[in-house]
Amino acid sequence: MIIAIDGPSGAGKSTVAKAVAKNLGFSCLDTGAMYRCVALAALEEGSDLSDEQRCGTIAREKAISFGHVEGDPVPKRVFVDGVEVTDAIRTAQVDRSVSIVSAHPLVREALVEQQRRLGREGDFVIEGRDIGTVVFPNAEVKVFLTASNEERARRRVLQNEARGVGSVDFDEVLADIVRRDELDSSRTTAPLTPAEDAVQMDSTGRTIEDVIDDICARARAARGF
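Residues numbered from 1 in each chain as written. Predicted model: local features only at pLDDT ≥ 70, side-chain atom pairs only at ≥ 80, totals over all residues. Heavy atoms only, no water.

Participant: Looking at this structure, I do not really get the sheet that holds strand β5 (residues 83–84). What am I missing?
Facilitator: Where strands meet in a sheet, backbone hydrogen bonds hold them as pairs that are either parallel or antiparallel. Taken together, the three strands give an open sheet; going across it, the order is β3-β4-β5, and neighbouring strands pair in antiparallel fashion. A single partner strand is all that each edge strand has here, and the edge strands are β3 (64–67) and β5. Both strand β4 (residues 77–80) and β5 contribute to a ladder of two bridges, which runs antiparallel. Bridge pairing in β5 places Val 80 opposite Val 83. (Pairing = 2+ DSSP bridges. Helix = DSSP H or I, 4+ residues; strand = E, 2+ residues; numbered from the N terminus.)

See the structure below:
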């Protein structure tokens, strides 16, 4: 079974997806982290982020993997070619770069292939921006999760403070969220948009537990348990 959770940056997709996976005993695949890995690799080698061919080659050739703690379906660590990049992919520089890289059709083609292969291996909660529309259009449960710009910026600042990675300036984070929304929504390939059959959830003013319970209930109903 696939539960697809799409939505813009800072909507809480990762937090919700991980909690839903734990609640249901599913595995969790962070597709956003995969695009961040490509952006980081391009930055580290000094490649032009607008060079689709080079970024596509990176996406095909770099081995992206996740590290799990035994008994925990949620990956805690991210690796590129065996080197841990868990914190490195969460910097402000990667935040500013990932939408540029992920807009390239060759990058998306390479990573979507990997995501579909992984998704066929079991029950997954998968979050991203085009999971329900492109990667798994037949997912049994589709959710488009969003929140107001200000609420998403506030959450991202708190998240960055807790991790000690990324900007903690509210105005800077808010501006980056608005910029990323525009880039993600206007790209030609797999733009950010709700699937026609997705349940749209605005989490502004809702507790995270309420959103998690809502999605879990929909998953149980879809599976008949």
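Participant: Got a minute to help me understand the nonpolar core in this structure?
Facilitator: Membership of the largest hydrophobic core comes to 35 residues, with the highest contact counts inside it found for Val 38, Val 107 and Leu 111. Of all elements in the fold, only β1 (2–6), α2 (31–44), α3 (52–61), β4, α4 (92–102), α5 (105–119), β6 (124–128) and α6 (131–135) reach the threshold of two or more residues within this core. Here this core gets nine residues from one element, more than from any other, and that element is α2. With residues up to four places along the chain from it excluded, the contact list for Val 107 reads Tyr 35, Val 38, Cys 55, Gly 56, Ala 59 and Val 101. Judged by nonpolar contacts, the second largest core, of 22 residues, contains Val 16, Val 143, Ile 212 and Ala 219. (Core = buried A, V, L, I, M, F, W, Y, C linked by side-chain atoms within 4.5 Å. Buried < 20%, exposed > 50% of the residue type's maximum accessible area, 1.4 Å probe, protein only. Contact = heavy atoms within 4.5 Å.)

Participant: Looking at this model, I keep getting lost on unusual backbone geometry. Mind explaining?
Facilitator: Trans peptide bonds make up the majority, and among non-glycine residues the majority have a negative phi. The phi dihedral of Asp 81 falls on the positive side, at around 50 degrees, and the residue is not glycine. Summarising the element assignment, Asp 81 is placed in the loop between β4 and β5. The phi dihedral of Ala 190 is positive, around 50 degrees, even though this residue is not glycine. Within the secondary structure, Ala 190 sits in the loop between α8 (170–186) and β8 (199–202).

Participant: Even after reading the chapter, I still don't get the pattern of salt bridges, so can you show me in this structure?
Facilitator: Side chains that carry opposite charge are capable of pairing whenever their charged atoms lie near each other. With the rule as written, the count across this model stands at 18 salt bridges. Between Glu 84 and Arg 77 there is a salt bridge, and its shortest N-O distance comes to 2.7 Å. On the basis of relative accessibility, which here comes to 38%, the residue Glu 84 falls in the partly exposed class. Residues Arg 129 and Asp 184 are paired through a salt bridge, measuring 2.7 Å at the closest nitrogen-oxygen approach. In this pair, Arg 129 sits in the loop between β6 and α6 while Asp 184 sits in helix α8, placing the two residues 55 residues apart along the sequence. By relative accessible area, which is 14% here, Arg 129 ends up buried. Taken together, the shared-partner salt bridges in this structure form one network comprising Arg 206, Asp 210, Asp 214 and Arg 218. (Salt bridge = Lys/Arg side-chain N within 4 Å of Asp/Glu carboxyl O.)

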